[in-house]
Amino acid sequence: MARKIVLASGKGGVGKSSLTAGIAIELCNMGQSVLVVDFDIGMGCLDLILASDDTGIFNWGDIVKGSCEPMQAVRSTIGPSLLTAPSYFDNDFTAENVREMIEKFEDSFDYILMDAPAGVSGGFLLAAACADEGIIVSTADEVCVRVGSYAGDKLKQLGVNDLKLIINRFNKKQTVQGHYLNIDEVIDATVLQLIGVVPEDKKISYCSVVGMTTLDSSKAKEAFRRIALRLEGFNINLKL
């Protein structure tokens, strides 16, 4: 039975999709089977980040609508399997229908990571309806922390109570200079258990455009691996 985890931020621009891809790749490197589901309807980009093959013609919306068999919509990538997002919202995309769609994959994967879009409606609500666990992704600025905290509260209202926190794009120098909140301040503001800190890494911005195939050794990749190990139950010390 797969662990179903929604990754959310409430706000765009925090690097959530790249982080989702990075964690998924590291879990695959550890021998886990991972399905990543893009819930950013109309604006999905995980096929580019994960360097997916471009031969697929179906997305998860086609499964919901009965236009294809579940595995026909699954794309191969450089690591995890991928379900791309539909290009438009449809009335058939209800929480119940999408949950039933995700359940078709529970016995085929160890992890199902659901990349929720910015905001707390639409694709966010659909992703939350399918999840048993949640990860709030935030940068260390007050706006993102406030919105991320709100997204976490919303997930709890929807029944996703097992929540963790990842601080992404952490700039240690800028934080020491007082331009950003420190780690303890982010934890206190969100009231969530920290599962990882990913340092600012210019390579990630580049990989978001050309795909994660170019990400070899980097601080961010090391952080992705540490987070994946913690998800697997290992006790890994925090490293910045």
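Residues numbered from 1 in each chain as written. Predicted model: local features only at pLDDT ≥ 70, side-chain atom pairs only at ≥ 80, totals over all residues. Heavy atoms only, no water.

*Asks:* Explain the side chain of T20 to me, using residue names and the numbers behind them.
*Replies:* Relative to the helices and strands, T20 is located in helix α1 (residues 16-29). Overall, T20 belongs to the buried group, its relative accessible area being 0%. Every residue in contact with T20, bar those within four places of it in the chain, is listed here: L7, V36, L113 and D115. (Helix = DSSP H or I, 4+ residues; strand = E, 2+ residues; numbered from the N terminus. Buried < 20%, exposed > 50% of the residue type's maximum accessible area, 1.4 Å probe, protein only. Contact = heavy atoms within 4.5 Å.)

*Asks:* Run through the packing of aromatic side chains, naming residues and quoting values.
*Replies:* Using the criterion set out here, one finds four aromatic pairs in the structure. Ring geometry for F39 and W60: centres 5.2 Å apart, planes at 40°, overall tilted. One end of the pair, F39, is in the loop between β2 (34-38) and α2 (46-49); the other, W60, is in helix α3 (residues 60-64), with 21 residues separating them in the sequence. Residue F39 shares its accessibility class with W60, and that shared class is buried. On the numbers, 5.1 Å between centres and 55° between planes, the contact of W60 with F93 is tilted. Placement of W60 in helix α3 and of F93 in the loop between β3 (81-83) and α4 (95-103) is noted, with a sequence separation of 33 residues between them. Residue W60 shares its accessibility class with F93, and that shared class is buried. (Phe/Tyr/Trp six-rings, centres within 6.5 Å; stacked < 30°, edge-to-face > 60°.)

None of the figures reported here should be taken as evidence of function without further support.
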